[in-house]
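# Secondary and tertiary structure notes
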Amino acid sequence: MKKIIFLKPIFNFLFIGLLITTLSRIILFFIFKDRVMQTPDYWMIFPIGLRMDLILLSYISFLPTLLLCVLPDEYLQKIRRFFAFYFIAFLFLMLFIELASHDFIKEYDTRPNKLFIDYLIYPREVMGTLVKSYLGSMVFSFFFLALALIYSIKKAGVLFYPKFTMYRTKLMLFPLVAFLLFFGARSSLVSKRPINASNAIFSTDQLTNNLGLNSLYTVGFALYSIKNEGDAAKMYGKMDANEAISRVKKYMNVPEADFTNPDLPLMHVQKSDSTIARPYNVVIFLQESLGAEYVGSLGGLPLTPEFDKLTKEGLLFTNLYATGTRSVRGIEAVITGFLPSPSESVVKLSNSQTAFYTLAQNLKEKGYQTSFIYGGMANFDNMAAFFNGNGFSDIIDESDYKNDKTAFKGTWGYSDEDLAVKANTYFKSKGNKPFFSLMFSTSNHEPFEFPDGRIELYDKQKNTVHNAMKYADFSIGKFFEMAKKESYFKNTIFLVIADHNTRTYGKNLVPINKFHIPALLIGPNVPKGVDYTKLCSQIDIAPTVLNFIGMDVQNPMPGRNLMKLPANTTGRAIMQFHNNNAFRVGNQVVILQPNKEPVQFEMKNDTVLTPVKVNSEMAKDALAHVTTASYLYKERKYRMKGQK
């Protein structure tokens, strides 16, 4: 035992690290046990968790172990404080992320991931949300962290300073120690690849699978995986780009003769039923987190009386599914019509900051005035940069409300009511020139702030998602009440659509029911009081909007013009949930997971999925859609002809 005393700092680090992750996993298990215990063999999260914890701790231990084994003691004594700092820093980071895991899981139904890092870029909004919604958790966490830090600093010398051992003994033991660490990090001598997050998947409930990981690993893995962003082949398998594009085209319902540019493989002519001298304006009112479960006319809670009344004046899509769980993914689908990809949304990626197709760019080339109107700061999630580089001439955000008489300003900016007033005033000023505008709401967002006296509260406590949803609906009604009094109303196609649902969670690999969202079209020649009931995707809505504007338009959007879709064509939806991609056709859904074979389910309904044999052609079609997204983005082939 004396011979290996020089490794005592490593043993102490491994023990404390395992203590943190194991206790956290046990606590999370009991918090979410009602859900976790529905999974057969749910106890597997503990041996899997121990394995994944040892992988993480072994990687972290490489550098200090190397130094302890190869440096003579006189050098080690000079840098002994380094070991204390190194181990305490990682243990502190591990403890911090584990303490944050409970609230993150409650919000996103998964352990901390790249989202955890993304939100650190926006400290004002995030800190405001945390203080107003998670103050108790924050106070407890910081108090606990402070105690842990004070204790660890006091005990640093005892726990982590190097211990004296004969140099020859250390060198002799080094190969064995190095092998054990190597084995611990790979966790296998048989597999050609090191064990990774995909090896923790043993059930169809992604949260249960996630509990078999630890949160520092999931955050680190997300950072490591950034190098694979946009590369579908590394995550889901290879497919030739030409085959992928061909498979995507067969779902578009576009005759081959209408494709116009071989260099832009999806560019095609979308023909209008009739052309008019002055094409119609287009206004898209994108609703933050308005899931179908909150919409009365879709069988949800009675929180949307204004929206429900408006359905009698337009075309309601009752079986529509979002492509993702983030606002930027909703913007991507609604404004660009782009396929969800294994990378971040194109709103935030470098290759798409200019010369990337948007409805704004397309219509701007047709003589439209284009704008983005928002109550918050437009630089959030890189929206301003993306919009500015891709066809939006005017960007109106929080800074433009300062001289207005406003109703309310919260953590995320001015209220939806203020947004409605601002937009209506702006649209009135546009005169006879056609315009395109994206309005984006903020009020239905944690911490759910809105002005008093506007609605009859659904919940007794004011700042809840239900009340914020009802206020967002109030603001939709107010906007249309104002717009109907203006001359631009009769010449405008209005789209009210959600970016995504609120909390997206569920026991399935992709919780499909949480992707169900509303969309409502109102305007000239739009059917009134009609429900479109066929399954459809968020990417189908942009080409459907273009159907009504009164002119032929060329575009590269792979979505379907639902007004021209044959009655016998089966509906299709595409959904991305973290790194899982669901490709649904009718009641069949194929799910792609990183480094796993595709799996297929038959849907009895949105929550009951029965495993079935994988249809190889459908699985190839699913892979084709993510492959095409990666290819079009990387090769910059998703743009208007004249864009460079």
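Residues numbered from 1 in each chain as written. Predicted model: local features only at pLDDT ≥ 70, side-chain atom pairs only at ≥ 80, totals over all residues. Heavy atoms only, no water.

### As for the environment of Gly376
Worth spelling out the cut-off: Put simply, DSSP H or I for four residues or longer makes a helix, DSSP E for two residues or longer makes a strand, and each gets a number counted from the N terminus. Think of it in three bands: with a 1.4 Å probe and only protein chains considered, a residue is buried below 20% of the maximum accessible area for its type, exposed above 50%, and partly exposed in between. Any two residues having at least one pair of non-hydrogen atoms within 4.5 Å are treated as being in contact.
When you line up the elements, Gly376 lands in the loop between β4 (369–374) and α18 (383–389). The class for Gly376 is buried, based on a relative accessible area of 0%. When the C-alpha positions of Gly376 and Ser443 are compared, they lie 9.8 Å apart, and in sequence the two are 67 residues distant. Discounting chain neighbours no more than four positions away, the residues touching Gly376 are Asp397, Glu398, Trp412, Gly413 and Thr442.

### Looking at the packing of helix α3 (residues 45–70) against helix α5 (residues 80–108)
Quick note on the threshold: Here an angle of 0 to 180 degrees is reported between the N-to-C directions of two axes, which are lines fitted to C-alpha atoms, with helices fitted over the stretch in contact. We call two directions roughly parallel when the angle between them is under 35 degrees, roughly antiparallel when it is over 145, roughly perpendicular when it lies between 65 and 115, and oblique otherwise. Throughout, the ten residues Ala, Val, Leu, Ile, Met, Phe, Trp, Tyr, Cys and Pro are labelled nonpolar, Asp, Glu, Lys and Arg are labelled charged, and all others, Gly among them, are labelled polar.
Close contact between α3 and α5 brings their axes to 11 Å; oriented N to C, the two are set at 175 degrees. Considering their axes alone, α3 and α5 lie roughly antiparallel with respect to each other. Residues Leu56, Leu57, Ile60, Leu63, Pro64, Leu67 and Leu68 of α3 form the contact with α5, whose participating residues are Phe82, Phe83, Tyr86, Phe87, Phe90 and Met94. Grouping the amino acids of the contact of α3 with α5 by side-chain chemistry returns 13 nonpolar, no polar and no charged.

### Comments concerning empty space enclosed by the protein
Selection rule: Think of a 1 Å grid over the protein atoms and nothing else: a 1.4 Å probe that fits but is trapped marks a cavity, an open set flanked by protein within 12 Å on at least five of seven lines marks a pocket, and residues with an atom within 4 Å of a point count as lining. Grid points are joined across faces, edges and corners, and a volume is the space filled by probe spheres set on the points.
Counting across every chain of the model gives 3 cavities of 30 Å³ or more. Lining the second largest cavity are 13 residues, and of these Gly410, Trp412, Thr442, Ser443 and Glu449 sit closest to its centre. When grouped by side-chain class, the residues that make up the lining of the second largest cavity number 5 nonpolar, 7 polar and 1 charged.

### Observations regarding the sheet that holds strand β18 (residues 609–612)
Short version of the rule: Paired strands, as defined in this entry, are two strands with at least two bridges between them according to DSSP.
Taking strand neighbours across the sheet as the criterion, the 5 strands line up as β14-β15-β16-β17-β18 in an open arrangement whose pairing is antiparallel. Each having just a single partner strand, β14 (572–577) and β18 make up the two edges of the open sheet. In this sheet, neighbouring strand axes are inclined to one another by 25 degrees on average, regardless of whether the strands run parallel or antiparallel. Note that strand β15 (residues 580–585) and strand β16 (residues 588–592) share 5 bridges and pair antiparallel. Along β16, the bridge assignment pairs Val585 with Gln588.

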